[in-house]
Amino acid sequence: SARTAYQKAVKAQPDFAAAWYAIGMLLTYREKWYDAIHFFKKALETESGNAEFWFALGDCEANLFHFKDAKACYENVIELDPTNEDIWIEYAMLLLENNLTEDAIYVIQEGIKIHPQLGEYYYYLAAFLYMNGELKESYIELETALDKDFQKHQVLFEICDEMKNDDTVQYLIQLKKRH
């Protein structure tokens, strides 16, 4: 199996970070978060500046509801590779899931500064603002999102289901659909 091959590789070469990481990834596919953490940490012992390793560790910690550890990992990813398109959404969602909506708004706004072309970020921002009671701001960001990437507008309802029943949201979507 692949895991056996990687284990042989790390036994022969204990500082082979990519092999430690690969074992961790194999375990995540089986949702063995606790076990995977060990292997990601081993990879990071050799390559502490690898954003991909930190991201994988953060995802495991998040899946185990270890908020502080996941947060620290995601912050490391942002510090090491702020151009990573996925980290901003993952980090913002972690904050949101821990009732830190204003922090989630801030994080996604920071992500937008780096990736202003990504319409999906604006959908997240619109949803976060909506959930925070900032409706006018939410509608403005929704318009931007629809202009940038109309096809992804369903992501809005995955984040904030109650927006499906908002007449203004539906009006904006229909308006952009016609254009």
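For the structure itself, look to the data block above.
Chemist: Outline the pattern of salt bridges, listing residues and values.
Modeler: Oppositely charged side chains can pair when the atoms bearing their charge come close. Tallying each qualifying case throughout the model produces six salt bridges. Across the pair Lys 152 and Glu 120 runs a salt bridge, and its minimum N-O distance is 3.7 Å. Remark: Glu 120 occurs in helix α8 (residues 119–131) and Lys 152 occurs in the loop between α9 (135–148) and α10 (155–159); sequence separation between them is 32 residues. Using a relative accessible area of 24% as the deciding quantity, one classes Glu 120 as partly exposed. Asp 161 serves as the salt-bridge partner of Lys 164, at 3.2 Å between the closest nitrogen and oxygen.

Chemist: Tell me about helix α3 (residues 33–46), and name the residues and values.
Modeler: Compared with the 20 Å implied by 1.5 Å per residue over 14 residues, the 21 Å span of α3 between its first and last C-alpha is a close match. Of the residues making up α3, those classed as buried are Trp 33, Ala 36, Ile 37, Phe 39, Phe 40, Ala 43 and Leu 44.

Definitions and limits used
Residues numbered from 1 in each chain as written. Predicted model: local features only at pLDDT ≥ 70, side-chain atom pairs only at ≥ 80, totals over all residues. Heavy atoms only, no water. Salt bridge = Lys/Arg side-chain N within 4 Å of Asp/Glu carboxyl O. Helix = DSSP H or I, 4+ residues; strand = E, 2+ residues; numbered from the N terminus. Buried < 20%, exposed > 50% of the residue type's maximum accessible area, 1.4 Å probe, protein only. Expected span 1.5 Å × (residues − 1).

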